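Observations on the three-dimensional arrangement
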Amino acid sequence: MHLGHLVPFIMTKWLQDTFDVPLVIQLTDDEKFLWKNLELEECEELGKENSKDIIACGFDEDKTFIFSDLNYIPSSKAFYWNMKRIEKAVNYNQIKGIFGFGDSDAMGKISFPAIQAAPR
């Protein structure tokens, strides 16, 4: 994580404190695997380190759920089904136009927006 990540977390902490609301934080460790030259195991470890940085922001532990895509998605039927609904609703030309994917991009990159949009 870098300073650019910290600013939204500070704002999110303020929102949680001000409105006394629950918070869900998605660690996109699988995204690191798709966009960087890293092994899955390295990405999982980086996600753990990122979660420590996030926890250090002081979120209410009773109202905060932090999850790793690599470890949570395989165990969550509801998450997977929501991903499938999103993937079915958006066509390739839309994804290509929105994110600028090219014909030689990996299939995982093209389907990744559905993963980021799926938590409910």
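Residues numbered from 1 in each chain as written. Predicted model: local features only at pLDDT ≥ 70, side-chain atom pairs only at ≥ 80, totals over all residues. Heavy atoms only, no water.

With respect to the side chain of Asp30
- Of note, Asp30 is situated in helix 2 (residues 29-35).
- It is Lys32 that comes nearest to the buried, bridge-free Asp30 among opposite-charge side chains, at 8.1 Å.
- Those residues in contact with Asp30 that sit more than four places away from it in its chain are Asp69, Leu70, Ile73, Phe112 and Ile115. (Helix = DSSP H or I, 4+ residues; strand = E, 2+ residues; numbered from the N terminus. Buried < 20%, exposed > 50% of the residue type's maximum accessible area, 1.4 Å probe, protein only. Lys, Arg positive; Asp, Glu negative; His and termini not counted. Salt bridge = Lys/Arg side-chain N within 4 Å of Asp/Glu carboxyl O. Contact = heavy atoms within 4.5 Å.)

Notes on the environment of Asn82
- One can find Asn82 in helix 5 (residues 77-89).
- Between the C-alpha atom of Asn82 and that of Ala118, which follows or precedes it by 36 residues, the distance is 5.5 Å.

Things to note about the nonpolar core
- Counting residues in each nonpolar core, the largest one holds seven residues, listed as Phe67, Ile73, Phe79, Met83, Phe112, Ile115 and Ala118.
- Elements with a minimum of two residues in this core: helix 5 and helix 7 (107-117).
- Those residues in contact with Ala118, other than ones at most four positions away along the chain, are Phe79, Asn82, Met83 and Ile86.
- Residues Leu23, Ile25, Leu27 and Ile54 belong to the second largest nonpolar core, which totals six residues. (Core = buried A, V, L, I, M, F, W, Y, C linked by side-chain atoms within 4.5 Å.)

Comments concerning helix 1 (residues 3-19)
- For helix 1, which comprises 17 residues, the first-to-last C-alpha distance of 25 Å matches the rise-based estimate of 24 Å (1.5 Å per residue) to within 8%.
- Packed against the buried residues of helix 1 are strand 1 (23-27), helix 3 (40-55) and strand 2 (64-68).
- Asp20 occupies a position one or two residues after helix 1 and carries a positive phi of about 50°. (Expected span 1.5 Å × (residues − 1).)

Let's talk about a nonpolar patch on the surface
- Residues Met11, Trp14, Leu15, Phe19 and Val21 make up a contiguous nonpolar surface patch of about 480 Å² in total accessible area.
- Within the secondary structure layout, Leu15 lies in helix 1. (Patch = residues over 30% accessible without salt bridge, like charges linked within 9 Å, V, L, I, M, F, W, Y side chains within 5 Å. Areas by Shrake-Rupley, 256 points an atom, 1.4 Å probe, with all protein chains shown as cover.)

Overview of the environment of Ile115
- Residue placement: Ile115 occurs in helix 7.
- With 87 residues separating them in the primary sequence, Ile115 and Thr28 have C-alpha atoms 8.8 Å apart.
- Among residues more than four places away in sequence, those in contact with Ile115 are Gln26, Asp30, Asp69, Ile73, Phe79 and Met83.

Some remarks on unusual backbone geometry
- Non-glycine residue Asp20 carries a positive phi angle of around 50°.
- Position of Asp20 among the secondary structure elements: in the loop between helix 1 and strand 1.

Re the packing of helix 5 against helix 7
- Where helix 5 meets helix 7, the closest approach of the two axes is 8 Å, and the angle between their N-to-C directions is 130°. Between helix 5 and helix 7, the interaxial angle falls into the category oblique. Of the two elements, helix 5 crosses helix 7, and the hand of that crossing is right-handed. Two secondary-structure elements touch here, helix 5 through Phe79, Met83, Ile86 and Glu87 and helix 7 through Ser111, Ala114, Ile115 and Ala117.
- Its residues placed into classes, the contact of helix 5 with helix 7 shows six nonpolar, one polar and one charged. (Axes fitted to C-alpha atoms, helices over the stretch in contact; angles between N-to-C directions. Parallel < 35°, antiparallel > 145°, perpendicular 65-115°, else oblique. Left-handed = near helix turned anticlockwise from the far one by under 90°. Nonpolar A, V, L, I, M, F, W, Y, C, P; charged D, E, K, R; others polar.)

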